[in-house]
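Architecture at a glance
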Amino acid sequence: MERLASSNYKSSVDSLPNMKSDQNVITKLALAETATDAASKFNSSKWVKLNVGGKVYVTTLCTLVSKEPDSMLARMFSQDGMLPSEQDEQGAYLIDRSAHYFEPIINYLRHGQLIVDANVSLEGVLEEARFFGIYSLISQLEPQLAQISRSLDDVPLTRKDVIKALIQTPHASELRFQGVNLAGADLRKLDFRNINFKYACMQRCNLSHANLTYCCLERTDLAYANLECSQLVSVKGLCANMEGANLRGCNFEDPTGVRTNLEGVNLKGACLESSNMAGINLRVANLKDANMKNCNLRSAVLAGADLERCNLSGSDLQEANLRGANLKDAELTLMVTPLHMAQAIR
């Protein structure tokens, strides 16, 4: 009897692995059935509705899943991912985001191309792409926006921009255009008195007949700018670049006796014909090949200036300081007053 009981117990024990194996098979079958149900429920060809910010979009699960399988939209409808959100009365899944910026995203998921209307901000589309986790679109938009930002920084101000700034700034307030890009701007006949243009880019600007009295032009780039007949009374233009600029008929003399300071300025090839430059400080300036015919340079400081091949014919250099100036091949005919040795020409 005891042997029979022992035998039965042993048989039961020996059958346990088979029971465990059967249980594993049952579990696997159950999981497979669940996966099949999930796949059936969210078949890739199935059409779904998305209610984004009140606007309903109809698309397929394939569109939501295939392009960006790791996105929030894909995980909403995958069997091991997030649960879909609540549905509205029409069965559309509710998503509390802006439809304005979602439309380019759903179209991108459909055909792989980002097409944005003119009235849609790329920054808004980028934020939505970040929210939904559309990483291929994020990597496309971020460099594009960075390039646009850099391009906008490089765009010069226009005449309209400058006039707006002048109008909006009270006369007693200081207005600075320091370091601003004004290249090529049409700034004719405008009143810029006392304005700071230090380090500004004003290449090829049209400043003819403009009033730049008491302006700061220190290290300003005015290469090939047109300043014909402009007022440059007592400007501070230390080391400014005026190469090739047109300064014909300009007035630099301040009746109060304050000197215009253009020390170290680059006026190579510039035209200064018939300008009133009495008392101007052009110490160590580059005036190679400059046209300075018929200029009033009385009491001007040209010490150490490079006047090689400079045309000074007909100019008035009475009491001008030319100590150490380079006058090699300079044109000095028809001078209003003769030069004296005391002016130390070499």
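In this report, we go over the structure that sits alongside the text. Since this is a predicted model, take the numbers as computed values, not measurements.

Structural notes on the overall build of the protein chain
Scanning the protein chain from terminus to terminus reveals eight helices and three strands. In sequence order, the secondary structure elements of the protein chain are arranged as α-α-β-β-α-α-β-α-α-α-α. Here the protein chain holds 346 residues, and 39% of them are scored as buried. Taking all contacts inside the protein chain whose residues are at least 6 apart in sequence as the whole, residues at least 24 apart take part in 26%. Total accessible area computed for the protein chain in this model is approximately 19100 Å², and 50% of it derives from carbon and sulfur atoms.

Details of the nonpolar core
Core analysis: the largest hydrophobic core is formed by 56 residues, its most contacted members being F192, F197, M242, L247, L282, L287 and M292. Ignoring any residue separated from it by four or fewer positions in sequence, one finds F192 in contact with V162, L166, L187, F197, L207, A210, N211, L212 and C215. L50, M76, A99 and L141 belong to the second largest nonpolar core, which has 30 residues in total.

Some points on unusual backbone geometry
Residue K189 is not a glycine yet carries a positive backbone phi of 60°. With respect to the helices, strands and loops of the structure, K189 is situated in the segment after α8 (159–168). One non-glycine residue, E319, lies in positive phi territory at about 60°. You can see E319 is positioned in the segment after α8.

So, the pairing of strand β1 (residues 47–52)
For β1 and strand β2 (residues 55–60), the ladder comprises six bridges, and the chain directions are antiparallel. Residue pairing for β2: V52 is matched across the bridge by K55. The turn joining β1 and β2, which pair antiparallel and follow one another in sequence, is formed by two residues; a positive phi near 60° is taken by G53. Judged from the three bridges that link them, β1 and strand β3 (residues 93–95) form a sheet pairing that is parallel. When the bridges of β3 are listed, N51 appears paired with L94.

Side note on the pattern of salt bridges
Overall, the coordinates contain 15 salt bridges when judged by the stated rule. A salt bridge links R130 to E142, with the shortest nitrogen-to-oxygen separation between them at 2.9 Å. Placement of R130 in helix α6 (residues 122–132) and of E142 in helix α7 (residues 135–154) is noted, with a sequence separation of 12 residues between them. Take R130: its relative accessible area is 38%, and that puts it in the partly exposed class. Taking relative accessible area as the criterion, E142 reaches 37% and is therefore assigned partly exposed. The salt bridge partner of K288 is D306, with a shortest N-O separation of 3.9 Å. Pair noted here: K288 is in the segment after α8 and D306 is in the segment after α8, with a separation of 18 residues, a long-range link. Judged by its relative accessible area of 19%, D306 is buried. Connected through shared salt-bridge partners, K288, D289, D306, E308 and R309 make up one network.

Notes on a nonpolar patch on the surface
Taken together, the side chains of W47, V56 and V58 make up a nonpolar region of the molecular surface, amounting to roughly 300 Å² of accessible area. In this structure, V58 sits in strand β2. Among the residues examined, V58 registers a relative accessible area of 42% and is labelled partly exposed.

Topic: the packing of helix α5 (residues 99–111) against α6
In contact at an axis separation of 9 Å, α5 and α6 are set at 70° when each is read in the N-to-C sense. Comparing their axes, α6 and α5 come out roughly perpendicular. In terms of crossing hand, the pair formed by α5 and α6 is right-handed. Two secondary-structure elements touch here, α5 through Y101, F102, P104 and I105 and α6 through G124, V125, E128, A129 and F132. For the contact of α5 with α6, a count of residues per class yields seven nonpolar, one polar and one charged.

Here's the deal with the sheet that holds β1
Strand order in the open sheet made by the three strands is β2-β1-β3, with mixed pairing throughout. For this open sheet the edge positions go to β2 and β3, each flanked by a neighbour on one side alone. Taking each pair of neighbouring strands and ignoring which way they run, the sheet shows an average axis angle of 30°. Docked against the sheet, α5 engages β1 and β2, running at close to 10° with respect to β2.

Quick word on the environment of H209
For H209, the position within the fold is in the segment after α8. We classify H209 as partly exposed; its relative accessible area is 46%. With 41 residues separating them in the primary sequence, H209 and C250 have C-alpha atoms 8.5 Å apart. Other than its neighbours up to four places away in sequence, H209 contacts K189, E228, C229 and S230.

Points about the side chain of T63
Secondary-structure assignment places T63 in helix α3 (residues 61–66). Within the structure, the side chain of T63 is placed 3.1 Å from the side chain of T60, a separation counted as a polar contact. In contact with T63, not counting residues within four places along its chain, are I106, L109 and R110.

The rules we used
Residues numbered from 1 in each chain as written. Predicted model: local features only at pLDDT ≥ 70, side-chain atom pairs only at ≥ 80, totals over all residues. Heavy atoms only, no water. Helix = DSSP H or I, 4+ residues; strand = E, 2+ residues; numbered from the N terminus. Buried < 20%, exposed > 50% of the residue type's maximum accessible area, 1.4 Å probe, protein only. Contact = heavy atoms within 4.5 Å. Areas by Shrake-Rupley, 256 points an atom, 1.4 Å probe, with all protein chains shown as cover. Core = buried A, V, L, I, M, F, W, Y, C linked by side-chain atoms within 4.5 Å. Pairing = 2+ DSSP bridges. Salt bridge = Lys/Arg side-chain N within 4 Å of Asp/Glu carboxyl O. Patch = residues over 30% accessible without salt bridge, like charges linked within 9 Å, V, L, I, M, F, W, Y side chains within 5 Å. Axes fitted to C-alpha atoms, helices over the stretch in contact; angles between N-to-C directions. Parallel < 35°, antiparallel > 145°, perpendicular 65-115°, else oblique. Left-handed = near helix turned anticlockwise from the far one by under 90°. Nonpolar A, V, L, I, M, F, W, Y, C, P; charged D, E, K, R; others polar. Polar contact = N/O pair within 3.5 Å; in protein donor to acceptor, adjacent residues only side chain to side chain.

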